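Breakdown of the fold
Single-letter residue listing:
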Amino acid sequence: MQDYYKMRGLRQSLISKLRSKGIRDERILSAFWDIPRHYFIDKEFAHLAYEDIAFPIDSEQTISQPFTVATQTVLLDIKENDKVLEIGTGSGFQAAVLAYLGAKVYTIERQEKLFKKTHTLLKSIGYERIRTLLGDGYEGSPRFAPFDKIIVTAGANNVPIKLIEQLKEGGVMVIPVGVGDVKKMWKITKIHGSKLKREIHGDFSFVPFLEGVNSL
Ligand code: SAH
């Protein structure tokens, strides 16, 4: 993996764009500076790496738009050593941002081919602390639960109850929810037991949150 002067320039303008769209958290903006997004995508898309857009990765999936990654990360409000479950590893970029902020990250992907590719990539870049899991995000990860934070990076029709159960009291889940392609970003805080608080933060597009594992 190589970083280039040109890529750093493009990164700087992406950060300005994120600022102009309202992202103010300096630690999160630093993550966008220190983590080269072009490492997480195929070479033929490298020239697009620092555009504020989503585009294809493997297995017909997409890498989330930078503004979406930034917004979900702001809402999660990561603290050092937070135990975080991510549903939808995809390219691994969002997981890298969470790890950069000091989280212990567990990330689940249902596409086996993509899971293997991203597992290898994250190790090769040096994200030893990110635990990649192959599985169905609807089940969460009972083995590593409970979590301080849960982030779903695929578009859901509803909030899986198992994920709420795997959240600690006082924990936060950020999940795009709705019918159709455009989802509302929900921030759910687990007050205690089944008492939840919900805030809604804008419209975002995602690939669908699908059940089961795809081993093709
Ligand atoms: N966080 C990713 C976003 C990838 S797109 C990134 O930074 O690039 C969403 C991903 O969610 C896809 O890779 C898709 O395969 C995965 N996904 C969808 N439903 C899932 C499920 N039930 N369990 C685990 N992963 C799922």
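Below you will find a few notes about this structure. The residue numbers shown here count from 1 along each chain, following its written sequence. The model is predicted, so local features are restricted to residues of pLDDT at least 70 and side-chain atom pairs to those at 80 or more, both for listing and for counting; the totals for chains, interfaces and linings are taken over all residues. By convention in this description, side-chain values take in all heavy atoms of the structure and omit both hydrogens and water.

**A word on the layout of surface pockets**
Let me state the cut-off plainly: Grid points spaced at 1 Å over the protein atoms alone were grouped into cavities, where a 1.4 Å probe fits but cannot get out, and pockets, open sets with protein on both sides within 12 Å along at least five of seven lines, with lining residues defined by an atom within 4 Å of a point. Grid points are joined across faces, edges and corners, and a volume is the space filled by probe spheres set on the points. Here a helix means four or more residues in a row that DSSP labels H or I, a strand means two or more in a row labelled E, and each is numbered from the N terminus. Throughout this entry, Asp, Glu, Lys and Arg are counted as charged residues, while Ala, Val, Leu, Ile, Met, Phe, Trp, Tyr, Cys and Pro are counted as nonpolar. The remaining residues, Gly among them, count as polar.
Its volume calculated, the largest pocket comes out at about 430 Å³. Along its surface, the largest pocket is lined by 32 residues, and Gln61, Gly88, Thr153, Ala154 and Val207 are the ones closest to its centre. Among the elements of the structure, β2 (62–63), β3 (83–87), α4 (93–100) and β4 (104–109) are those that each provide at least two residues to the lining of the largest pocket. The residue makeup of the lining of the largest pocket, split by class, is twelve nonpolar, 15 polar and five charged. Looking at the second largest pocket, its volume works out to about 340 Å³. When residues in the lining of the second largest pocket are grouped by element, the largest group, four residues, is from helix α5 (residues 112–125). Here the residues of the lining of the second largest pocket sort into ten nonpolar, five polar and four charged.

**Regarding the sheet that holds strand β5 (residues 131–134)**
We apply this condition: Two strands pair if DSSP finds at least two bridges between them. What counts as an axis is a line fitted to C-alpha atoms, over the stretch in contact for a helix, and the angles between N-to-C directions run from 0 to 180 degrees. Should any heavy atoms of two residues lie within 4.5 Å, those residues are considered in contact.
As summarised here, the arrangement of the seven strands in space is β5-β4-β3-β6-β7-β8-β9, forming an open sheet in which the pairing is mixed. Each edge of the open sheet is held by one strand with a lone partner, namely β5 and β9 (195–205). Taken over all neighbouring pairs, the strand axes of this sheet differ in orientation by 15° on average, direction set aside. Pairing between strand β6 (residues 147–152) and strand β7 (residues 167–177): four bridges, direction parallel. Across the sheet, Phe147 pairs through a bridge with Leu167, a residue of β7. Contacts from α4 reach β3, β4 and β6, with the element oriented near 170° to β4.

**Regarding the pairing of β3**
The following threshold applies: Relative accessible area decides the class of each residue, using a 1.4 Å probe on protein chains only: under 20% of the type maximum gives buried, over 50% gives exposed, and in between gives partly exposed. For crossovers, right-handed means that the path from the first strand over the helix to the second runs clockwise, given strands pointing away from the viewer.
Judged by how many residues are buried, β3 sits mostly within the fold: five of five residues are covered. Here β3 shows a buried face lined by Lys83, Leu85 and Ile87 and a second buried face lined by Val84 and Glu86. After leaving β3, the chain enters α4 and then returns to the sheet as β4, a path that is right-handed.

**Thoughts on the environment of Gly22**
Among the structural elements, Gly22 can be located in the loop between α1 (5–20) and α2 (26–34). What makes Gly22 partly exposed here is its relative accessible area of 40%. Placed 45 residues apart in sequence, Gly22 and Phe67 show a C-alpha to C-alpha distance of 9.4 Å.

**Side note on the pattern of salt bridges**
Definition in use: Salt bridges are defined as contacts in which a side-chain nitrogen from Lys or Arg sits within 4 Å of a carboxyl oxygen from Asp or Glu.
Tallied over the entire structure, the rule returns 14 salt bridges. In this structure, the salt-bridge partner of Asp42 is Lys117, at a minimum N-O distance of 2.9 Å. Of this pair, Asp42 sits in the loop between α2 and β1 (55–56) while Lys117 is found in helix α5, placing the two residues 75 residues apart along the sequence. On the basis of relative accessible area, Asp42 is assigned to the partly exposed category, the value being 24%. Since its relative accessible area comes to 35%, Lys117 is described here as partly exposed. Note that Lys197 and Glu199 form a salt bridge whose closest N and O atoms lie 3.7 Å from each other. Accessibility expressed as a relative area gives 27% for Glu199, which makes it partly exposed. Bridged by salt links that share partners, the residues Asp42, Asp58, Lys113 and Lys117 form one connected network.

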